[in-house]
Structures are given as structure tokens and as C-alpha cells.
Amino acid sequence: MQKKLSKLLLLAGTFMFQACAAQSHLVQDELETITKENLKYYLYYPEDYFASEDKDFGLLLFLHGGGESGGDIKEVKYNGPPKMLAEGKQFPFLILAPQNPHAQKWWNTDAVVQLLDSVVNTNRVDKNRIYLTGLSRGGSASWELATQYPDKFAAMAVVCGMTPLPYAHWIDKNMPIWVFHGDEDEVIHVEESDKMVEKLRAMGRDVRYTRYKGVGHNAWGRAYTTDSLYTWLAEQKRIN
């Protein structure tokens, strides 16, 4: 009996020692981190920008997909509005098209907003007419930006992006949204957009949804050549 009692006391002491040892290694500290990002970008000015010195313009922020990440800046012109600009298309607002410098990383959305703010503050941009769009990885980043900066954008168009459903609760309830997706997308399944649109509509949000039948991941080929998209964007304005 005495041996059992001794073993129990020894075991209890061991546990207490281990607990104290664990506590002694729990250290509280802090570190201020600094993350730098080098963002190359294209900036388009409408034809009448320099002839209208007293006029403010809207601005469209475009975020490309993973295929254009980490390469030559010229690759940004492969898809979306930059491609249309290279082909001679004119737009009624400025277009800011940065490049994600990392081939295998998500967009650094904080860095993108720093760039956006710099461009807005150094040009004649109406801060109530800043629009957001992106495709694939850039579409996912667009959803993220809309949740992190709900007071910044007047409207958003997302093409085949993925998003966690809880994001719906953080998006500005007054910001109109247009979603595009192909129903045969094997990279980012169409259910990503289906569920998000359903959730937003159930919350009473203003959401348009273009669901392309028989289209795979490259929904942007049709979405960004939809002229009514740009007319719709240009009509939107934030009411503060």
C-alpha cells in the first residue's frame, strides 16, 4: 500500500513539474513586421481625360488570373479589359491593371489597395466611382477586397472566382454585384458562384448572375466582351 502511495505521489509530482515546465515556456512578445511588394501595373486614361481638367472620372480596378502572375507585365494584356485596350477598345473611366508578382501566391490585397489609393490620390478620380473586377484568382481576390474594404467600391464584377460564404455578411449591402461563371468550369466549380449568389440574394442584395451554359473556366472571354457590363459599371456611384 505504501509503495502504491509513493508511486502515485511521484506520478502527481511529475505531472505538476511538467505543467510548470510547460507554463515556463509560454512567452508573450510582439514583433512589428513590414511586408514590401513590387507591383508593376498598367494605367489607362480615357480619351477626354487630359482635355477636361475640371472633370473627375471613375476608375476600374482589374485583377488578372493566375496565368498572368509572376511573368512579364505584358501578359496582363492577355485577358479582360487590358486585352480589349490593346485591341483599341475605349472606356469611359480609368483602368488600373496591376500584376501579381508571385506565380504561386494569392494577391497581396493590402498592397493592391495601397497602389489603388496612390493612383486615386494623384489623378482626377471620383472616389465614389471606383469599380472592382477580377477573373479566376483575381475574382477570388475581388471578393476578398469587397469584404476587407466595404466602403471603397461602387460596384463589383466577379468572373469565375471562389469565395467563402461567410464573406456575404461583410460585403456592403448597398454595393451592386455582377457575377459571371461557366457551368462546366473544372478549375473553380460553378457552385462557388451559385451558392454565393443565392446567399446574397437571400440577404436582399442587388446581384446579377450570368451563368454560361457549356462554358468552362474561360468565362472571361465572354464576360469582358459584354458591352452592357461597362455601361452598368459606369452608372454606379456610392452614396455615402
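Residues numbered from 1 in each chain as written. Predicted model: local features only at pLDDT ≥ 70, side-chain atom pairs only at ≥ 80, totals over all residues. Heavy atoms only, no water.

A.B. asks: Before we go on, may I ask you to explain the overall build of the protein in this structure?
C.D. replies: Scanning the protein from terminus to terminus reveals seven helices and seven strands. The helix and strand sequence of the protein, counted from the amino end, reads α-β-β-α-β-α-β-α-β-β-α-β-α-α. Against the compact-globule benchmark of 18 Å for 240 residues, the protein has a radius of gyration of 25 Å, which places it well outside the compact range. Expressed as lengths along the three principal axes of its C-alpha atoms, the size of the protein is roughly 95 × 40 × 40 Å. For the protein, the residues scored as buried account for 45% of the 240 residues in total. Restricting to contacts in the protein with at least 6 residues of sequence separation, those with at least 24 account for 72%. Split by element, the accessible area of the protein, about 13800 Å² in all, is 51% carbon and sulfur. Within the protein, the 30 negative side-chain charges are centred at a point lying 6 Å from the centre of the 27 positive side-chain charges. (Helix = DSSP H or I, 4+ residues; strand = E, 2+ residues; numbered from the N terminus. Rg over C-alpha atoms; globule rule 2.2 N^0.38 Å. Buried < 20%, exposed > 50% of the residue type's maximum accessible area, 1.4 Å probe, protein only. Contact = heavy atoms within 4.5 Å. Areas by Shrake-Rupley, 256 points an atom, 1.4 Å probe, with all protein chains shown as cover. Lys, Arg positive; Asp, Glu negative; His and termini not counted. Charge placed at Lys NZ, Arg CZ, Asp CG, Glu CD.)

A.B. asks: What exactly am I supposed to notice about the sheet that holds strand 1 (residues 41-44) here?
C.D. replies: Consider a sheet: its strands pair through backbone hydrogen bonds, and that pairing is either parallel or antiparallel. With mixed pairing, the seven strands of this open sheet are ordered in space as 1-3-2-4-5-6-7. In this open sheet, the two edge strands, each paired with only one partner strand, are strand 1 and strand 7 (207-212). Taking the axes of each pair of neighbouring strands and ignoring which way they run, one obtains an average angle of 15° across the sheet. Summarising the sheet, strand 1 and strand 3 (residues 94-98) pair through four bridges and their orientation is antiparallel. Within strand 3, the position partnered with Tyr42 by the bridge is Ala97. (Pairing = 2+ DSSP bridges. Axes fitted to C-alpha atoms, helices over the stretch in contact; angles between N-to-C directions.)

A.B. asks: Even after reading the chapter, I still don't get the nonpolar core, so can you show me in this structure?
C.D. replies: Side chains of nonpolar character tend, in soluble globular proteins, to be buried together. Counting residues in hydrophobic clusters, the biggest one holds 36 residues, and the most contacted among them are Leu59, Leu61, Trp143 and Ile177. When residues of this core are traced back to their parent elements, those giving at least two are strand 2 (57-63), strand 3, helix 3 (109-121), strand 4 (125-135), helix 4 (137-148), strand 5 (155-159), strand 6 (177-182) and helix 5 (191-202). When residues in this core are grouped by element, the largest group, seven residues, is from helix 3. One finds Leu60, Ala155, Phe180 and Tyr212 within the second-largest nonpolar core, a separate group that totals 29 residues. (Core = buried A, V, L, I, M, F, W, Y, C linked by side-chain atoms within 4.5 Å.)

A.B. asks: Help me understand helix 3 in this model?
C.D. replies: The terminal C-alpha atoms of helix 3 lie 18 Å apart, and with 13 residues this matches the ideal 18 Å at 1.5 Å per residue to within 8%. Those residues of helix 3 that fall on the buried side of the exposure criterion are Thr109, Ala111, Val112, Val113, Leu115, Leu116, Val119 and Val120. (Expected span 1.5 Å × (residues − 1).)

A.B. asks: Would you explain the pairing of strand 3 in this entry?
C.D. replies: For a regular strand, side-chain orientation follows a simple rule: the groups alternate between the two sheet faces. The element strand 3 is extensively covered by neighbouring structure, given that five of its five residues are classed as buried. Along strand 3, one buried face is formed by Leu94, Leu96 and Pro98 and the opposite face, lined by Ile95 and Ala97, is buried too. Between the parallel elements strand 2 and strand 3, the chain passes through helix 2 (residues 80-86) in a crossover that is right-handed. (Right-handed = clockwise from strand over helix to strand, strands pointing away.)

A.B. asks: I'm lost on the pairing of strand 4 in this one. Help?
C.D. replies: In terms of residue burial, strand 4 counts as a mostly covered element, since eight of its 11 residues are buried. Pairing of strand 2 with strand 4 involves six bridges; the strand directions are parallel. Across the sheet, residue Leu60 finds its bridge partner in strand 4, namely Tyr131. Two elements, strand 4 and strand 5, share five bridges in a ladder whose sense is parallel. Opposite Leu132, over in strand 5, you have Met156 as the bridge partner.

A.B. asks: Quick question: what am I supposed to make of the packing of aromatic side chains here?
C.D. replies: What characterises a pair of aromatic rings is the spacing of the ring centres plus the angle enclosed by the ring planes. For the structure shown, the criterion picks out 13 aromatic pairs. Look at Phe91 and Tyr230: their rings are 4.9 Å apart centre to centre, the planes differ by 75°, and that puts the pair in the edge-to-face class. Here Phe91 is found in the loop between helix 2 and strand 3, whereas its partner Tyr230 is found in helix 7 (residues 227-235), with 139 residues between them in sequence. Tyr230 gets classed as buried once you look at its relative accessible area, which sits at 5%. (Phe/Tyr/Trp six-rings, centres within 6.5 Å; stacked < 30°, edge-to-face > 60°.)

A.B. asks: Got a minute to help me understand the pattern of salt bridges in this structure?
C.D. replies: Evaluated as defined, the whole model comprises 10 salt bridges. Between Asp117 and Lys152 there is a salt bridge, with its nearest N and O atoms 2.8 Å apart. With Asp117 in helix 3 and Lys152 in the loop between helix 4 and strand 5, this residue pair connects regions lying 35 residues apart in the sequence. Residue classification places Asp117 among the partly exposed positions, given a relative accessible area of 29%. Across the pair Asp151 and Arg238 runs a salt bridge whose closest N-O atoms are separated by 3.9 Å. Separated by 87 residues along the polypeptide, Asp151 in the loop between helix 4 and strand 5 and Arg238 in the segment after helix 7 bring together distant segments of the chain. When salt bridges that share partners are traced, they join Asp126, Arg129 and Lys237 into one network. (Salt bridge = Lys/Arg side-chain N within 4 Å of Asp/Glu carboxyl O.)

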